[in-house]
Each structure stands twice: as structure tokens, then as C-alpha cells.
Amino acid sequence: MAMPGVLPAGEPVPADGSLPASARASVGARGFGVYVHVPFCASRCGYCDFNTYTADELGGGASREGYADAVLAELTLAARVLGEAPPSRVDTVFVGGGTPTLLPASDLARILDAIDRTWGLAADAEVTTEANPESVTPTSLQELRAAGYTRISLGMQSAAPGVLAVLDRRHHAGRATAAALEARDAGFDHVNLDLIYGTPGERAEDFVASLDQVVDAGVDHVSAYALIVEDGTRLAARMRRGELPYPDEDVAADRYLAAESALDAAGFSWYEVSNWARTPDARCRHNLLYWTGGDWWGLGPGAHSHVGGVRWWNVKHPAAYAKRLVTGESPGQAREVLTGDEAHMEEVMLRMRLASGLPLDVLTDAGRAGAARAVAEGLLAQPAHAAGRAVLTLRGRLLADAVVRDLLP
């Protein structure tokens, strides 16, 4: 889960990080995960708006050395906050960034071991790390696998050198698929490749070539996202100056259809609008935890957490994050307690992106009427609707946001 560069507003988090008793009453009832945010990058990609920092941007205020110790200090605080109502087990761990694999494999191993000692990893826990292709080697991958990491997600983005250049990616074409093969050889159970489509200058044949390389790499999971141009990024500035055209929605739709066609033919099935897996076991269980209303604790600067209907987020800068923990204070910047209406809205928004869809009885009368209209318009599947569920058709996936709006009051 990428940490956004701009955090929302909210009410203050208590200095000790304490949660309402109601939030702690059923921790992990829908599963419990741990997210670890590693905010370091070797360079900043032109499209990136995540809470990440290069060495120059950090200056002397923080560094990679000692970062694992700060994360472990927050983990100690988390154990104290959950206290007598800890989760029965940790089902998933996801280390994201940034580029987590800029940290030594020994640091990533130490963090995972501490999570296990604090709450206990489930016997079949899914443990994922993100990585940029140029930041891993066969040796580092073997070390991560030996430490207990079972899944890796590699940021490929494209197989076309020109597209990688527009996105300011550091790896060369072909490195991502080579890293995927190295991860398989190291014994990772599941390997994901991320693609971005709709980049200015990307041709249809460029994206087809990217899909072909992904399939040939033998991975069992693919994520494909339309390029989003975020304010404040280098890419947005180039577009404002007229150096690059803005993304075209029709082109993005064509790319999505190309992805569905190629991946379906290769034996992948969509399980979330932007995610495909070869088998049910290959689906990202950590992301499914987010999409189905589970609980998770987010460790690291800017990381978001959710426990029992309370959501909070940490201060953004690594130096401010570490400073709070040194004094024993929660790094939480702000939080919100979800109302019933807000929780309902999020459930509809998130579950509707899944291939399993949403039970119709979760919707209001107005929402069920909207679902009936969507069936008539070919946006929701008629057989699923007859069986009591709202499930997007392929056309519905292209218009998912509009469908969701019609299902909400």
C-alpha cells in the first residue's frame, strides 16, 4: 500500500497512542496484518507522489542506518497499545515503500522476526516485500527468502525503454523480468510484476510487448494501473509546460482491455480491478485484507493503520517519526473514527472492485435500485445479480467509479 505524499486532516492521536476500548474489542476478527513503510529511494521517479525520500532530500535529518530500530520502537508501542487484546496471529506482512530493498536484508529480517515475536506469525502467513528491479541480486533475494519472506512485488512498469525514461525509472528494459526469474530461483512462493499503462509516448505495441514479457517471466501475479498524474510531481510540471501530453482516457481503456485479453489467455484471472492471479493462492492476501475491512497496524513514517473502525496515520518525515519514538510518544499525526455511514461507503467502494463483488443486501433501497439499472446497462453481471450479488462486468470494470457512485446514497 503506497503511502500518499499528502495526508488528510483528522483529530489528534493521544500521545500514548491509546485506542478506544470498542476498537480493541475485536482486533483481528476479519484478519490482522502489519504494513511496514520504508521511505527511502535511490532517486525520485517523475510520477511519484508517495511519502519517499532520496538521500539528498533527507539531508542530515535521518538515514537508512538505524531505521529498523525506529520501526521496532513503534512495534513495541503497538504491542503496548493493543495490550490485553492483541490479535490472535498476524496473517500478512507487507513491506512497501519507497524501495524496501535499499535496506540490508538483515534489517528486513530483523523487522519480520520482531513482528513474529510480538504477535506471532500464522503458520501460513503471507510475507511480501516490494522491490525495484535494480535493488535486488540473487544473493539478497536468497537472504530475504531465508528470513521468511514468501512473496515479492517488483516494479516493472514497462518493457519499453522510452516509457521507462518518461517515468524516470532507473532500471533498464529486461531487468524486471530477470529479477522475477531470480526471485523464483531463490524460492519465493509468489512473484508479482507491476505495470503502468497510458504513459505519454507509449504505443499499443509497447504495452503488448510488456504483457508478453510478464507472461514469459512465469510470474503468478500481475498488477496493472493507469498512469495517474499527481500535482506537485515532475511529470505534472512537464505536462503543464506542454512538454508531454496528458494521459488519454480512451487509450487507458484500450490498454486495460489489452491486459485483460492477454492475461486471461495466459491463464490469469482478475480478482480486483487492477490485479490478476494465476491461482487463488497467488492473490495478494494483504491487499485483500484492506479491501475486505480487516485490521492492520502500519509501521513507519506516513503509514496508515486501521483497528476496529479507527484509522490513523503517522507523521510523514522519518526524522520527526524517529524523534517521537525516542521520547516514547506515538508517531501518530491524526486519526478518525469511522461513522456507520462512512464504513458503509468504504465497504461498497472497496468490495465492488473485487471479482467476488458485494451482497445486494448490504446496499440501501436506493443502492439496490442503482444495481438494477447497472445490470440493464451491462455494467453488473446479470447471473450474479439474480443470485443476490453485485459483480462488475468487463465493461463495468472500465467504469467502476461511476458504478460505485450509483450504488451509494
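Residues numbered from 1 in each chain as written. Predicted model: local features only at pLDDT ≥ 70, side-chain atom pairs only at ≥ 80, totals over all residues. Heavy atoms only, no water.

Under an unreviewed UniProt entry, the name given to the protein chain is Heme chaperone HemW, and the organism recorded is Micromonospora lutea. The record in UniProt for the protein chain states the following under Subcellular location (unreviewed entry): "Cytoplasm". Quoted verbatim from the Sequence similarities (unreviewed entry) heading of the UniProt record, the comment on the protein chain is "Belongs to the anaerobic coproporphyrinogen-III oxidase family. HemW subfamily." (UniProt positions renumbered as here; feature names shortened; annotations may be inferred.)

Caption draft 1: Spotlight on a nonpolar patch on the surface. A surface patch of nonpolar side chains, amounting to about 280 Å² of accessible area, comprises L257, L394, L398 and L399. Summarising the element assignment, L394 is placed in helix α16 (residues 394-398). Residue classification places L394 among the partly exposed positions, given a relative accessible area of 33%. (Patch = residues over 30% accessible without salt bridge, like charges linked within 9 Å, V, L, I, M, F, W, Y side chains within 5 Å. Areas by Shrake-Rupley, 256 points an atom, 1.4 Å probe, with all protein chains shown as cover. Salt bridge = Lys/Arg side-chain N within 4 Å of Asp/Glu carboxyl O. Helix = DSSP H or I, 4+ residues; strand = E, 2+ residues; numbered from the N terminus. Buried < 20%, exposed > 50% of the residue type's maximum accessible area, 1.4 Å probe, protein only.)

Caption draft 2: Spatial organisation of the side chain of R255. As for its position among the elements, R255 is in helix α10 (residues 249-265). For R255, the side chain forms a polar contact with the side chain of E202, separated by 2.7 Å. With sequence-adjacent residues up to four places away left out, R255 is seen in contact with Y197, G198, E202, R203, A204 and F207. (Polar contact = N/O pair within 3.5 Å; in protein donor to acceptor, adjacent residues only side chain to side chain. Contact = heavy atoms within 4.5 Å.)

Caption draft 3: Structural context of the packing of aromatic side chains. This structure, assessed with the given rule, holds eight aromatic pairs. Ring geometry for Y35 and F94: centres 6.3 Å apart, planes at 20°, overall stacked. Remark: F94 occurs in strand β2 (residues 90-97) and Y35 occurs in strand β1 (residues 32-38); sequence separation between them is 59 residues. Pair check on accessibility: Y35 and F94 agree, each one buried. Ring centres of Y256 and W276 lie 5.6 Å apart, and the angle between their planes is 45°; on these two criteria the pair is classed as tilted. With Y256 in helix α10 and W276 in strand β8 (residues 275-277), the pair connects residues that are 20 residues apart, well separated along the chain. Each of the two residues, Y256 as well as W276, counts as buried. (Phe/Tyr/Trp six-rings, centres within 6.5 Å; stacked < 30°, edge-to-face > 60°.)

Caption draft 4: Structural view of a negative patch on the surface. On the surface, D248, E249, D250 and D254 cluster together into a patch of negative charge. You can see E249 is positioned in helix α10. (Lys, Arg positive; Asp, Glu negative; His and termini not counted. Charge placed at Lys NZ, Arg CZ, Asp CG, Glu CD.)

Caption draft 5: Highlighting helix α14 (residues 365-376). Taking 1.5 Å of rise per residue, the twelve residues of α14 would be expected to cover 16 Å, and the 17 Å separating its terminal C-alpha atoms lies within 8% of that figure. Listing the buried residues of α14 in full gives G367, G370, A371, A374 and V375. Seen end-on, α14 carries its buried residues on one side only, within an arc spanning 145°. More than 90 degrees from the buried face of α14, the exposed residues found are D365 and A376. Where α14 is buried, its residues touch α15 (382-386) and α17 (400-407). (Expected span 1.5 Å × (residues − 1). Arc of directions from axis to C-beta.)

Caption draft 6: A look at the packing of helix α3 (residues 67-82) against helix α12 (residues 318-326). For the pair α3 and α12, interaxial distance at closest approach is 10 Å and the crossing angle is 50°. Overall, the two elements α3 and α12 adopt an arrangement that is oblique. Considering how the two elements wind past one another, α3 and α12 form a crossing that is left-handed. Contacts from A70, V71, A73 and E74 of α3 reach α12 at Y321, A322 and L325. A per-class count over the contact of α3 with α12 returns six nonpolar, no polar and one charged. (Axes fitted to C-alpha atoms, helices over the stretch in contact; angles between N-to-C directions. Parallel < 35°, antiparallel > 145°, perpendicular 65-115°, else oblique. Left-handed = near helix turned anticlockwise from the far one by under 90°. Nonpolar A, V, L, I, M, F, W, Y, C, P; charged D, E, K, R; others polar.)

Caption draft 7: The arrangement of the pattern of salt bridges in detail. Counted under the stated rule, the structure contains 21 salt bridges. Two residues, R89 and D91, come together in a salt bridge whose shortest N-O distance is 2.7 Å. R145 is the partner of D189 in a salt bridge, and the nearest nitrogen-oxygen pair spans 3.8 Å. Pair noted here: D189 is in the loop between α7 (175-186) and β5 (190-197) and R145 is in helix α5 (residues 138-147), with a separation of 44 residues, a long-range link. Overall, the relative accessible area of 38% leaves D189 in the partly exposed class. Connected via shared salt-bridge partners are D69, D107 and R110.

Caption draft 8: Focus on unusual backbone geometry. Residues G97 and G98 are joined by a peptide bond in cis, for which omega reads 20°. Even without a glycine there, the phi angle at Q157 is positive, about 70°. As for its position among the elements, Q157 is in strand β4 (residues 151-157). Here Q157 falls in the buried class, since its relative accessible area comes to 8%. Even without glycine at this site, D168 takes up a positive phi of about 65°. Tracing the chain through its elements places D168 in the loop between α6 (161-166) and α7.

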